[in-house]
Amino acid sequence: MKFIYSFLLFAPLCIFGSPKSFDFKDPKGVNTIIFQLDALLESISGSAGGISGIISYDPTKPESTKGTIVLDASSLRVDNSVLQEHMHGEGWLHVSKFPQIVFSLSNLRNIKTEARALKATAEGKMTIRNVTIIMEVPVELTYLEGLLEKRNKTPGDLLVVRSKFKVKRDDFGIKPGEYLDKVANEIEISINLAGACPTQ
C-alpha cells in the first residue's frame, strides 16, 4: 500500500492529473516567434527562439487554461546585424536590463471548437521592459493526446498554441513617437508553439 501511495503521489500529471502541465521549452529548438514592423520607409521582420514557460490545460475545462510564456529577449534576431544591435540596446529593448518578455495567461473566453482545434480569446498580461499591460489576444489550441512520442520520441501529450496579434511599442515606452517612418509603432507577432506533457 505504501508503494501504491508513493506512486500515485509522484506520478506525472499527464497520467492522472487534470489539468495537465505543458512545458514550452522545446528541446528540438523548433518553437519560434515571428515579428514584423511595416513602416512607411522600411519593413523589419525577424524571429526569436528562446521560448520557455508552462501552461496548465484541462481539455474538459478549457476556460480555466492559465500559465506563462517567456521569451528570452536576447534571442530576438533580424538579418541586419547593426539593426539587431540597436534593437537589443539601451534605447530600445535594453535586453541586458530587461532580459525577458512575458505573457501571463489568466483564462480563455469566447471558446469555439473547430475540428481538432479550439479557438478562443486569451486574457492576460504582457510585460516588456518592465511595463505590464492587460491584453486580449486570439488563440488557437490543438490538444494532441498521445502524440508527443511522434514529435519528441517521448510518451505523452502535446498542446499546440497558435496566435497572431499586434502590440504597440509606445505602450511599453519604447521610443514613443520616434522614428515612425522607419520603425513602425505597431508590431505584428505570430506564434506557433508546441508544449510537451510527458507521461514518464
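Structure: above.
Let me begin by describing the structure that accompanies this report. (Residues numbered from 1 in each chain as written. Predicted model: local features only at pLDDT ≥ 70, side-chain atom pairs only at ≥ 80, totals over all residues. Heavy atoms only, no water.)

### Regarding the overall build of the protein
- For the protein, the count of helices and strands is four helices and 10 strands.
- Ordering the α and β elements of the protein from the N terminus gives α-α-β-β-β-β-β-α-β-β-β-α-β-β.
- For the protein, buried positions account for 44% of its 200 residues.
- Put simply, the protein shows about 11500 Å² of open surface, and 54% of that area lies on carbon and sulfur atoms.
- Charge centroids of the protein, computed over 24 positive and 23 negative side chains, lie 5 Å from each other. (Helix = DSSP H or I, 4+ residues; strand = E, 2+ residues; numbered from the N terminus. Buried < 20%, exposed > 50% of the residue type's maximum accessible area, 1.4 Å probe, protein only. Areas by Shrake-Rupley, 256 points an atom, 1.4 Å probe, with all protein chains shown as cover. Lys, Arg positive; Asp, Glu negative; His and termini not counted. Charge placed at Lys NZ, Arg CZ, Asp CG, Glu CD.)

### Re empty space enclosed by the protein
- This model, assessed by the stated rule, comprises one cavity of 30 Å³ or more.
- Considering only enclosed or pocket space, the largest cavity measures out at about 30 Å³ in volume.
- Forming the boundary of the largest cavity are Ala73, Leu93, Phe98, Gln100, Ile101, Ile128 and Arg129.
- When the residues that make up the lining of the largest cavity are grouped by side-chain class, the tally is five nonpolar, one polar and one charged. (1 Å grid on protein atoms, 1.4 Å probe; cavity = no way out; pocket = protein on both sides within 12 Å on 5 of 7 lines; lining within 4 Å. Points joined across faces, edges and corners; volume = space filled by probe spheres on them. Nonpolar A, V, L, I, M, F, W, Y, C, P; charged D, E, K, R; others polar.)

### Brief notes about the nonpolar core
- Ranked by size, the top nonpolar core spans 47 residues in total, and within it Phe24, Leu76, Leu108, Met126, Leu159 and Val167 carry the most contacts.
- Ignoring any residue separated from it by four or fewer positions in sequence, one finds Leu76 in contact with Phe35, Ser47, Ala48, Leu71, Gln84, Met87, His88, Leu93 and Ile101.
- The next biggest cluster of nonpolar side chains, apart from the first, holds six residues, and it includes Leu144, Val160, Ala194 and Ala196. (Core = buried A, V, L, I, M, F, W, Y, C linked by side-chain atoms within 4.5 Å. Contact = heavy atoms within 4.5 Å.)

### Concerning the pairing of strand S8 (residues 131–144)
- Alignment of strand S7 (residues 117–128) against S8, held across 12 bridges, turns out to be antiparallel. Note on S8: the bridge partner recorded for Ile128 is Val131.
- With antiparallel pairing between neighbouring strands as the criterion, S7 and S8 make up a hairpin whose turn holds two residues, including Arg129 at a positive phi of roughly 55°.
- In this sheet, strand S9 (residues 156–168) lies alongside S8 in antiparallel orientation, the contact comprising five bridges. Looking at the pairing, Tyr143 lines up with Leu159 of S9. (Pairing = 2+ DSSP bridges.)

### Observations regarding the side chain of Asp157
- The residue Asp157 is located in strand S9 in this model.
- Reaching out from Asp157, the side chain makes a polar contact with the backbone nitrogen of Gly146 at a distance of 2.6 Å. (Polar contact = N/O pair within 3.5 Å; in protein donor to acceptor, adjacent residues only side chain to side chain.)

### Let's talk about the environment of Ala48
- Tracing the backbone shows Ala48 in strand S3 (residues 43–48).
- Along the chain, Ala48 and Ile134 lie 86 residues apart, while their C-alpha atoms are 23 Å from each other.
- Aside from chain neighbours lying at most four places away, what touches Ala48 is Asn31, Thr32, Ile33, Leu71, Ser75 and Leu76.

### Structural notes on the environment of Leu37
- Tracing the backbone shows Leu37 in strand S2 (residues 32–38).
- Taking the relative accessible area as the measure of exposure, Leu37 reaches 8% and is therefore buried.
- Along the primary structure Leu37 and Lys150 are separated by 113 residues, whereas in three dimensions their C-alpha atoms are 35 Å apart.
- Beyond its immediate sequence surroundings of up to four residues, Leu37 is in contact with Glu42, Ser43, Ile44, Val183, Ala184, Glu186 and Ile187.

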